[in-house]
Amino acid sequence: MDIIMLSFISVLYLIIVVPIFKTLEKKVALVYSLLLLIIFLIMYLYVNSEYFDYYNYPFDFMKPKTS
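Thoughts on the overall build of the protein
So, point 1. On a plain count of helices and strands, the protein comes out with 3 helices and 0 strands.
So, point 2. The secondary structure elements of the protein, listed N-terminal to C-terminal, are α-α-α.
So, point 3. Counting every position in the protein, which comprises 67 residues, the buried fraction comes to 16%.
So, point 4. Accessible area for the protein stands at about 6,000 Å²; split by element, carbon and sulfur atoms hold 75% of it.

Observations concerning the packing of aromatic side chains
So, point 1. Scanning the model with the defined rule gives 1 aromatic pair in all.
So, point 2. Where tyrosine 13 meets phenylalanine 40, the ring centres are 6.1 Å apart and the plane angle is 70 degrees; that geometry is what we call edge-to-face. One end of the pair, tyrosine 13, is in helix H1 (residues 2-23); the other, phenylalanine 40, is in helix H2 (residues 26-47), with 27 residues separating them in the sequence.
So, point 3. The class of tyrosine 13 is buried, set by a relative accessible area of 15%.

Comments concerning H2
So, point 1. End to end, H2 covers 31 Å across 22 residues, agreeing with the expected 32 Å (1.5 Å per residue, within 8%).
So, point 2. Turning to H2, its buried residues are Ala29, Ser33, Leu36, Phe40 and Tyr44. The buried residues of H2 occupy an angular sector of 75 degrees when projected down its axis, which confines them to one face. Away from the buried face of H2 by more than 90 degrees, exposed residues Lys27 and Ile42 are located.

Quick notes on the environment of leucine 37
So, point 1. Here leucine 37 is to be found in helix H2.
So, point 2. Between the alpha carbons of leucine 37 and isoleucine 9 there is a distance of 9.5 Å; along the sequence they are 28 residues apart.

Here's the deal with a nonpolar patch on the surface
So, point 1. Side chains of Phe8, Val11, Leu12, Ile15 and Ile16 sit close together on the surface and give an oily, nonpolar patch of about 460 Å² of accessible area.
So, point 2. Within the secondary structure, phenylalanine 8 sits in helix H1.

Quick look at the nonpolar core
So, point 1. Ile9, Tyr13, Val17, Ile20, Ala29, Leu36, Phe40 and Tyr44 form the largest nonpolar core, which has 8 residues in total.
So, point 2. Elements with a contribution of two residues or more to this core: H1 and H2.
So, point 3. Apart from residues no more than four positions distant in its own chain, leucine 36 is found in contact with Tyr13, Ile16, Val17 and Ile20.

About the cut-offs
- Residues numbered from 1 in each chain as written.
- Predicted model: local features only at pLDDT ≥ 70, side-chain atom pairs only at ≥ 80, totals over all residues.
- Heavy atoms only, no water.
- Helix = DSSP H or I, 4+ residues; strand = E, 2+ residues; numbered from the N terminus.
- Buried < 20%, exposed > 50% of the residue type's maximum accessible area, 1.4 Å probe, protein only.
- Areas by Shrake-Rupley, 256 points an atom, 1.4 Å probe, with all protein chains shown as cover.
- Phe/Tyr/Trp six-rings, centres within 6.5 Å; stacked < 30°, edge-to-face > 60°.
- Expected span 1.5 Å × (residues − 1).
- Arc of directions from axis to C-beta.
- Patch = residues over 30% accessible without salt bridge, like charges linked within 9 Å, V, L, I, M, F, W, Y side chains within 5 Å.
- Salt bridge = Lys/Arg side-chain N within 4 Å of Asp/Glu carboxyl O.
- Core = buried A, V, L, I, M, F, W, Y, C linked by side-chain atoms within 4.5 Å.
- Contact = heavy atoms within 4.5 Å.

Next comes the structure, spelled out in structure tokens:
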């Protein structure tokens, strides 16, 4: 699951970053791409954290009921 998620994030990141580098200056594009990388890394770590496992409200319909 982690490999699929990382590959999806990297493809999405490249789809967003490549046009940024084509249209903006190099310094500005580098700053934007680094900010996007940090945001994607935070999202990935949040989804893989125990906090998300405990408070997974949008996805709790996928788990079987244990009562």
